[in-house]
There are 2 protein chains.
Amino acid sequence: MKEKISINKLFLCIAFGSIMAVSVNYTDAPIKGWYILSVFVSVILSFILKAAPMSISVLCGLFCLSFCGIIDLKEGLNAYANSTVWLVLAAFILASSIINSNLGKRIALFLIRIFGNTPLGLAYSICLTELILAPVVPSNTARGGGIIAPIVNSLSNSLNSKADINPNKIGAFLILVGSHANLITSAMFLTAMAANPLMAEGIKNILGIDFNWAIWALGAIVPGIISLALLPLLIYYLQKPQISSPINSKQIVVEEMKKIGETSYSEKIIGVILIFLFLLWTSKSFHGIGTTEVAWSGVLFMLILKAENWKNVLNNHIAWDTFIWLGGLLSLSVLMAKYGIIEWLVSNIRNVSISSNELIVLLIIAILYFYSMYLFSMLTAHITAIAFPLMATALYFDANPMITACLFAYFSCLCGCLSNYSTGPIIVYFGLGYVDNKKWYKTGFIVSIYHLFIWIVIGLLWWKTIGWW
Amino acid sequence: MKEKISINKLFLCIAFGSIMAVSVNYTDAPIKGWYILSVFVSVILSFILKAAPMSISVLCGLFCLSFCGIIDLKEGLNAYANSTVWLVLAAFILASSIINSNLGKRIALFLIRIFGNTPLGLAYSICLTELILAPVVPSNTARGGGIIAPIVNSLSNSLNSKADINPNKIGAFLILVGSHANLITSAMFLTAMAANPLMAEGIKNILGIDFNWAIWALGAIVPGIISLALLPLLIYYLQKPQISSPINSKQIVVEEMKKIGETSYSEKIIGVILIFLFLLWTSKSFHGIGTTEVAWSGVLFMLILKAENWKNVLNNHIAWDTFIWLGGLLSLSVLMAKYGIIEWLVSNIRNVSISSNELIVLLIIAILYFYSMYLFSMLTAHITAIAFPLMATALYFDANPMITACLFAYFSCLCGCLSNYSTGPIIVYFGLGYVDNKKWYKTGFIVSIYHLFIWIVIGLLWWKTIGWW
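Residues numbered from 1 in each chain as written. Chains lettered and ligands numbered in written order. Predicted model: local features only at pLDDT ≥ 70, side-chain atom pairs only at ≥ 80, totals over all residues. Heavy atoms only, no water.

## Some points on the overall build of chain A
Okay, so step 1: Counting secondary structure elements, chain A contains 23 helices and 0 strands.
Okay, so step 2: Compactness check: chain A gives a C-alpha radius of gyration of 22 Å against a globular reference of 23 Å for 469 residues, within 12% of the reference.
Okay, so step 3: Projected onto the principal axes, the alpha-carbon positions of chain A cover approximately 70 × 50 × 50 Å.
Okay, so step 4: Burial status across chain A gives 60% buried among its 469 residues. (Helix = DSSP H or I, 4+ residues; strand = E, 2+ residues; numbered from the N terminus. Rg over C-alpha atoms; globule rule 2.2 N^0.38 Å. Buried < 20%, exposed > 50% of the residue type's maximum accessible area, 1.4 Å probe, protein only.)

So, in structure tokens, the structure goes:
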């Protein structure tokens, strides 16, 4: 939700889109599709240049298409009735209620008391908290930025490591563990990150695979657990904490617990609802009730049982902002597919022959997808903008659909490791100031190699073992 | 946006809906349609009982249907992609920008300076302001409650008439004129009240008439102007102000003008945009660009030209709240039509024979529609809940579709005169405290007779003159 509008940058985006649109005669692309692509490219360009709040860019694109009679307004607004967009809305509402209720914080403190006697123990407490909360806190920003980062910060402060005094004593280590653990757990569950359902929808539409909650988790469980288990060791090596004596975590926890007080009514209700959501999400194959319906029933029960109130929901600006830009962007994506421009783009790559081995082609495309995240300021925008055309391209080169689905689904979150602006929790963790720019990028790059190694090598072995290729 | 949730009342609504649903076997109604009707009735019941915020009731209804597998979620969310719902969203955004810019206030003060030398002159200034703003301020709450009511209040205060001291000196008179004038101008233009486009959509779907901006205004212009012109006289008779000497309105205006300062950048930009919106809305038959596209282009230009900012839009809780409940309620309406329950309901009235004259039948139904507003706490809810089935019924009795459209379209706003809770501006005007409960209802009832007389007698003559029947 950047507030600034830069007329110059906006003009640049519009000019680029307009030139692209008027050059329709020089291509053999489907005309409507080409116009929609032009608008889409301008919108993505405005994201990259930060020309305007994302919602404004997206709505300008949509209403421009409809104003010029290229599409029906009904078509343009279509994705606002899409269940995935509504799942994301529910995710933001649930997430903010979980933050406000202190339930997540209580779980984290509980684990810290048990394991947090050494720096590595603290790091593992953080990873474990992430792993426990990930399936039921469907926004990684809420989980990492809202629940865990503040705890990591006050832990470090209690140990005399602050952003300006002794950041490297332990703060920098915990911050790096927290932020990268968040991305790993985000990759592991369909309901661990707000844009994951969008990915699942893309996989269904393009690859024809029902990549549901259980499938998503099954594919991720082995590489996910391994990369989460080894992460503290890797970061320990890259950013060694300077504490040697045992840590008196019990005292710290007691102090923090005092702040949040007794378990409240809201906390209990939300805890019970989250358990139900988890059970219903994991057992979808038995009852067939959709992920969105389950999420919203959770939201509505929270509201009816007064564990949350509607005014807070209306106050959740990020939820509404995301609803608007995500719905519009998804509409544009759907329209591009509908008017044949994706097909046209993919078929134009036929002349490019990278390799005859379809697995190598897939890996090249997937790695390209991974590192293109440097260009984007938001995981969700990265997914909506380029994941689907790249998946279609991989499919065109006869890549195995299931492996394509896995790589794209998991890489979509993991690639957030690259920069310090990739997603909400990363911005929060980086913003705490323990780790400087250079260190962040260097660590991020090393972690990216680590991810690629684990998720490609161990991933492929695991997916072979369970018979997915 | 009532905040309270009453578990008891909610339980009553759910119980009623459940009993209705399980008694499906005792009717020959289409099964799915009957279930949807049961949910719809529970939702409307919860509106009437104020069991929960409207959005929560509507979402509970929708997700209950989808959770139970009666409808697809996609179907349930369908209306969120509906252009009318998006027009309403734009209306709320535009309206709040107009309030914040002080443009409306400046126009009102300008007119008061010219005409406001007597109580009746002040009343006519108010009516004229309403008439000028109505076509371009697409929310009657913004116009009446946000722009004009505060001016009326400070005018009365300047004339030593306050809610607790001398309310009848002039305050009560101006308050009653302002509130009833607001409802008349709301009825006159498609873009004068947020729910009018919804009415137009219903007319299109049920009566097959494109009741667009120009048609709407053409049908309303004669009865509208007459009822607006005579209104101050009627109220003067009912609530005579006790001021006899001429009013020094110039001094009051100068003081008020000082408060709002020089014409600001936002005010100028918004003024220009409103003129363009007006021109584009009225000329739809030439260019064919939809009302919603025009409204949104206005919103987006305001944002891009920085006359408004996105953060304020996200802060516009009423807009988001209305978007959620209106979209859901419209989805339910559409589903009832789709699954044949409306048709079934209407065909069941065949045994009831009121009169053999289709005009008399139509008038009876329309007057029934008018007075049923006593039951509802919001004009929009009244429309969504019962206007469409009643229109379908009128059509079934061979009523003239065009006259049916006129009566329902205009009555939908006019019927707000009945109570002191019917719509936003009425709540605001009543809330100022100049007029007590009893006086409000008495005046409201007399005004309702006045409306019925003018809009039926003069209305029918006018519609005959322009060849509509």
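There is more to say after this.
## Looking at the nonpolar core
Where a protein is soluble and globular, its nonpolar side chains tend to be buried together.
Okay, so step 1: The biggest cluster of nonpolar side chains holds 370 residues, and the ones touching the most others in it are A:Y410 and B:Y410.
Okay, so step 2: In this structure B:Y410 touches B:A187, B:F211, B:I215, B:W216, B:G219, B:A220, B:W455 and B:W463, once residues within four positions along its chain are discounted. (Core = buried A, V, L, I, M, F, W, Y, C linked by side-chain atoms within 4.5 Å. Contact = heavy atoms within 4.5 Å.)

## With respect to the relation of the copies chain B and chain A
Put simply, the second copy of the chain is the first one after a rotation about an axis and a shift along it.
Okay, so step 1: When chain B is fitted to chain A, the residual RMSD is 0.0 Å, and the transformation amounts to a turn of 180 degrees plus an axial shift of 0.0 Å. Both chain copies can therefore be described as sitting about a two-fold axis.
Okay, so step 2: A share of 100% of the interface residues of chain B reappears at the interface of chain A, consistent with the copies meeting face to face through the same patch. (Least-squares fit on C-alpha atoms with pLDDT ≥ 70 in both.)

## Some words on the domain arrangement of chain A
Okay, so step 1: Domains assigned within chain A are domain 1 (1-75) and domain 2 (83-318).
Okay, so step 2: One C-alpha centre belongs to domain 1 of chain A, the other to domain 2 of chain A, and the line joining them spans 36 Å. (Domains from an automatic or database assignment.)

## A word on a nonpolar patch on the surface
All names here are of chain A.
Okay, so step 1: A cluster of nonpolar side chains, contributed by F110, I114, F115, L128 and I132, occupies part of the molecular surface with about 430 Å² of accessible area.
Okay, so step 2: Among the secondary structure elements, those contributing two or more residues to the nonpolar patch are α6 (103-115) and α7 (119-133).
Okay, so step 3: Looking at the nonpolar patch element by element, the count peaks at 3 residues for α6.
Okay, so step 4: Mapped onto the fold, F115 is located in helix α6.
Okay, so step 5: Judged by relative accessible area, which is 39%, F115 ranks as partly exposed. (Patch = residues over 30% accessible without salt bridge, like charges linked within 9 Å, V, L, I, M, F, W, Y side chains within 5 Å. Areas by Shrake-Rupley, 256 points an atom, 1.4 Å probe, with all protein chains shown as cover. Salt bridge = Lys/Arg side-chain N within 4 Å of Asp/Glu carboxyl O.)

## Thoughts on the interface of chain B and chain A
Okay, so step 1: Contacts between chain B and chain A engage 43 residues on the former and 43 residues on the latter.
Okay, so step 2: Per-residue buried area on chain B facing chain A is highest for B:F67, B:W86 and B:W310; these three make up 16% of the total on that side.
Okay, so step 3: Applying the counting criterion to the chain B and chain A interface returns 0 salt bridges.
Okay, so step 4: Summed over the shared surface of chain B and chain A, the result is 8 residue pairs in polar contact (both at pLDDT 80 or more).
Okay, so step 5: When contributions to the side of chain B that touches chain A are tallied by element, the ones reaching two or more residues are α1 (7-22), α3 (54-67), α4 (73-76), α5 (83-101), α15 (291-304), α16 (310-314) and α17 (317-338) of chain B.
Okay, so step 6: Among the residues making up the side of chain B that touches chain A, the classes are represented as 27 nonpolar, 10 polar and 6 charged. (Buried area = accessible area lost by both parts, 1.4 Å probe. Polar contact = N/O pair within 3.5 Å; in protein donor to acceptor, adjacent residues only side chain to side chain. Nonpolar A, V, L, I, M, F, W, Y, C, P; charged D, E, K, R; others polar.)

## Brief notes about the side chain of B:S156
All names here are of chain B.
Okay, so step 1: Note on placement: S156 falls in helix α8 (residues 140-158).
Okay, so step 2: You can call S156 buried: its relative accessible area is 0%.
Okay, so step 3: Leave out the neighbours within four places in its chain, and S156 touches S161, I170, G171, L174 and Y434.

## A word on helix α3 (residues 54-67) of chain A
Residues and elements named next belong to chain A.
Okay, so step 1: End to end, α3 covers 20 Å across 14 residues, agreeing with the expected 20 Å (1.5 Å per residue, within 8%).
Okay, so step 2: The buried fraction of α3 amounts to 11 of the 14 residues, a majority that puts the element mostly inside the structure.
Okay, so step 3: Those residues of α3 that fall on the buried side of the exposure criterion are M54, S55, I56, S57, V58, L59, G61, L62, F63, L65 and S66.
Okay, so step 4: Two residues or fewer after α3 comes G69, characterised by a positive phi angle close to 75 degrees. (Expected span 1.5 Å × (residues − 1).)

## Quick look at helix α9 (residues 171-188) of chain A
Okay, so step 1: If you check α9(A), its first and last C-alpha atoms are 26 Å apart, about what 18 residues at 1.5 Å a residue would give, namely 26 Å.
Okay, so step 2: Across the 18 residues that make up α9(A), a large majority, 18, are buried.

## Observations regarding unusual backbone geometry
Okay, so step 1: Located in the positive-phi region is A:N166, a residue other than glycine, with phi close to 50 degrees.
Okay, so step 2: Among the secondary structure elements, A:N166 is positioned in the loop between α8 (140-158) and α9.
Okay, so step 3: Judged by relative accessible area, A:N166 falls into the partly exposed class, the value being 42%.
Okay, so step 4: Phi at B:N102 is positive, roughly 70 degrees, even though this residue is not glycine.
Okay, so step 5: As for its position among the elements, B:N102 is in the loop between α5 and α6 (103-115).
Okay, so step 6: Residue class for B:N102 comes out partly exposed when judged on its relative accessible area of 24%.

## Examining the packing of helix α7 (residues 119-133) of chain B against helix α11 (residues 213-238) of chain B
All names here are of chain B.
Okay, so step 1: Relative orientation of the contacting elements α7 and α11 amounts to 150 degrees, with a least axis distance of 10 Å. Viewed along their axes, α7 and α11 adopt a mutual orientation that is roughly antiparallel. Seen along the crossing, α7 lies across α11 with a hand that is right-handed. In this structure, α7 uses L120, A123, Y124, C127 and L131 to contact α11, whose residues at the interface are I225, L228, A229, P232, L233 and Y236.
Okay, so step 2: Looking at the contact of α7 with α11 residue by residue, the class counts come to 11 nonpolar, no polar and no charged. (Axes fitted to C-alpha atoms, helices over the stretch in contact; angles between N-to-C directions. Parallel < 35°, antiparallel > 145°, perpendicular 65-115°, else oblique. Left-handed = near helix turned anticlockwise from the far one by under 90°.)

## Topic: the environment of B:S125
Residue and element names in this part refer to chain B.
Okay, so step 1: Relative to the assigned elements, S125 resides in helix α7.
Okay, so step 2: Through-space distance from the C-alpha of S125 to that of C417 is 20 Å; in sequence the pair is 292 residues apart.
Okay, so step 3: Beyond its immediate stretch of four places on either side in the chain, S125 contacts L111, I112, F115 and G116.

## Details of the packing of α9(A) against helix α11 (residues 213-238) of chain A
Between two packed helices, both the angle of their axes relative to each other and the distance between the axes serve to describe the pair.
Residues and elements named next belong to chain A.
Okay, so step 1: Where α9 meets α11, the axes come as close as 9 Å, and the angle between the chain directions of the two elements is 170 degrees. Taken together, α9 and α11 sit at an angle that is classed as roughly antiparallel. Here F173, L176, V177, H180, A181, I184, T185, A187 and M188 of α9 lie close against α11, whose contacting residues are W216, A217, A220, I221, G224, I225, S227, L228, L231, P232, I235 and Y236.
Okay, so step 2: Tallied by class, residues from the contact of α9 with α11 come to 17 nonpolar, 4 polar and no charged.

## What about the environment of B:A81?
Okay, so step 1: Within the secondary structure, B:A81 sits in the loop between α4 and α5.
Okay, so step 2: Residue class for B:A81 comes out buried when judged on its relative accessible area of 1%.
Okay, so step 3: Residues B:A81 and B:G327, 246 residues apart in the sequence, show an inter-C-alpha distance of 8.3 Å.
Okay, so step 4: Contact partners of B:A81, with chain neighbours within four places excluded, come to A:K74, A:L77, A:N78, A:A81 and B:W86.

## Description of the packing of aromatic side chains
Okay, so step 1: Applying the stated criterion across every chain yields a total of 46 aromatic pairs over all chains.
Okay, so step 2: Ring geometry for A:Y371 against A:F445: centres 6.1 Å apart, planes inclined by 45 degrees, an arrangement best described as tilted. With a gap of 74 residues between them, A:Y371 in helix α19 (residues 358-371) and A:F445 in helix α23 (residues 437-465) connect regions that are remote in the sequence.
Okay, so step 3: Pairwise contacts between aromatic rings join A:F63, A:Y80, A:W86, A:W296, A:F323, B:F63, B:Y80, B:W86, B:W296 and B:F323 into one cluster.
Okay, so step 4: One Lys or Arg, B:K50, reaches over the ring of B:Y421 and ends 5.9 Å from the middle of that ring.
Okay, so step 5: Residue placement shows B:K464 over the ring face of B:W469; its charged tip is 4.4 Å from the ring centre. (Phe/Tyr/Trp six-rings, centres within 6.5 Å; stacked < 30°, edge-to-face > 60°. Lys NZ or Arg CZ within 6 Å of the ring centre and 35° of its normal.)

## Observations concerning the side chain of B:T423
Okay, so step 1: Its location among the elements puts B:T423 in the loop between α21 (401-414) and α22 (424-431).
Okay, so step 2: For B:T423, the contacting residues outside a window of four places in its chain are B:N140, B:T141, B:L183 and B:L379.

## What about the pattern of salt bridges?
Residue and element names in this part refer to chain A.
Okay, so step 1: In total, this model carries 10 salt bridges over all chains according to the counting rule given.
Okay, so step 2: The partner of E130 in a salt bridge is R143, with the nearest N and O atoms 2.7 Å apart. Highlighted residues: E130 in helix α7 and R143 in helix α8, separated in sequence by 13 residues. This pair shows no difference in class: E130 is buried, exactly as R143 is.
Okay, so step 3: Three or more residues joined by partner-sharing salt bridges are found here, namely K105, E256 and K259.

## A look at the confidence of the model for chain A
Okay, so step 1: Chain-level statistics for chain A give a pLDDT mean of 91 and a share of 99% at 70 or above.
Okay, so step 2: Predicted complex, confidence summary: ipTM 0.87, pTM 0.88. (pLDDT = per-residue confidence, 0-100.)

## Details of the environment of B:P197
Okay, so step 1: One can find B:P197 in helix α10 (residues 196-207).
Okay, so step 2: Sequence separation between B:P197 and B:I360 is 163 residues, and the spatial gap between their C-alpha atoms is 27 Å.

## What to know about the state of the cysteines
Here, disulfide denotes a covalent bond that connects the sulfur atoms of two cysteines.
All names here are of chain B.
Okay, so step 1: Tallied over the full model, the rule gives 0 disulfides over all chains.
Okay, so step 2: The closest cysteine sulfur to the non-disulfide-bonded C13 is located on C60, 10 Å from its own sulfur.
Okay, so step 3: No disulfide involves C60; its nearest neighbouring cysteine sulfur is the one of C64, lying 8.4 Å away. (Disulfide = S-S within 2.5 Å.)

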